[in-house]
Amino acid sequence: MAFDDAICGFNVPAPETAMGAARDLDKQLAAGGEAGALASIPLSIKDIADVAGLPSAGASASRAGRMASTDATVVARMKIAGGIALGKANCHELAFGGPSFDLPYPPARNPWNRDRFPGGSSSGSGVTVWRPVSVLDRWRPTRPVRSGFRQLCAASSA
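Residues numbered from 1 in each chain as written. Predicted model: local features only at pLDDT ≥ 70, side-chain atom pairs only at ≥ 80, totals over all residues. Heavy atoms only, no water.

1. Points about the environment of serine 44
Here is step 1: Inspection of the secondary structure assignment puts serine 44 in strand S2 (residues 42–46).
Here is step 2: Overall, serine 44 belongs to the buried group, its relative accessible area being 0%.
Here is step 3: Residues serine 44 and glycine 9 lie 35 residues apart in sequence; the distance between their C-alpha atoms is 9.3 Å.
Here is step 4: Among the polar contacts made by the side chain of serine 44, one reaches the side chain of threonine 128 at a distance of 2.9 Å. (Helix = DSSP H or I, 4+ residues; strand = E, 2+ residues; numbered from the N terminus. Buried < 20%, exposed > 50% of the residue type's maximum accessible area, 1.4 Å probe, protein only. Polar contact = N/O pair within 3.5 Å; in protein donor to acceptor, adjacent residues only side chain to side chain.)

2. Observations regarding the confidence of the model for the chain
Here is step 1: On average, residues of the chain score 79 in pLDDT, and 79% of them reach the 70 mark or higher.
Here is step 2: Here strand S5 (residues 140–141) stands out as the least confident element of the chain, with mean pLDDT 40; helix H2 (residues 73–80) is the most confident, with 94.
Here is step 3: Every residue in residues 137–158 is under pLDDT 50, and counting partners more than four places away or in other chains gives 51 contacts. (pLDDT = per-residue confidence, 0-100. Contact = heavy atoms within 4.5 Å.)

Put into structure tokens, the structure is as follows:
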């Protein structure tokens, strides 16, 4: 996914899944359905939380190839509220420790100086909300919504 190559914010970008969820939300709203509190808000999901149908390794070689069969409770609630999961955000191995170079995914990079690391187990989450891609990581708002989901997705994949 073009929007994430240099800073490694996402371990598992999921643009097709996100666009499918956006289309489903459009259909629901067109049919007169209710818009949830997070309707159309793009989200990044930390790689330690399961998203059904996506790999869920927690940035660990010990869990490489593990596919989530169900959503974690927080992910299920975000989806019910209409949030759109863009993918799995990078983290330190199993959200513990520090950056490492011997894992399946490179560590997230500080967007202002790529020789540095954003730090903390939510480093990928921080990076994904820095770019105009994701406005929430799990339930924490990080900045106001600037434009619609499709514009963000189109701009980020250009």
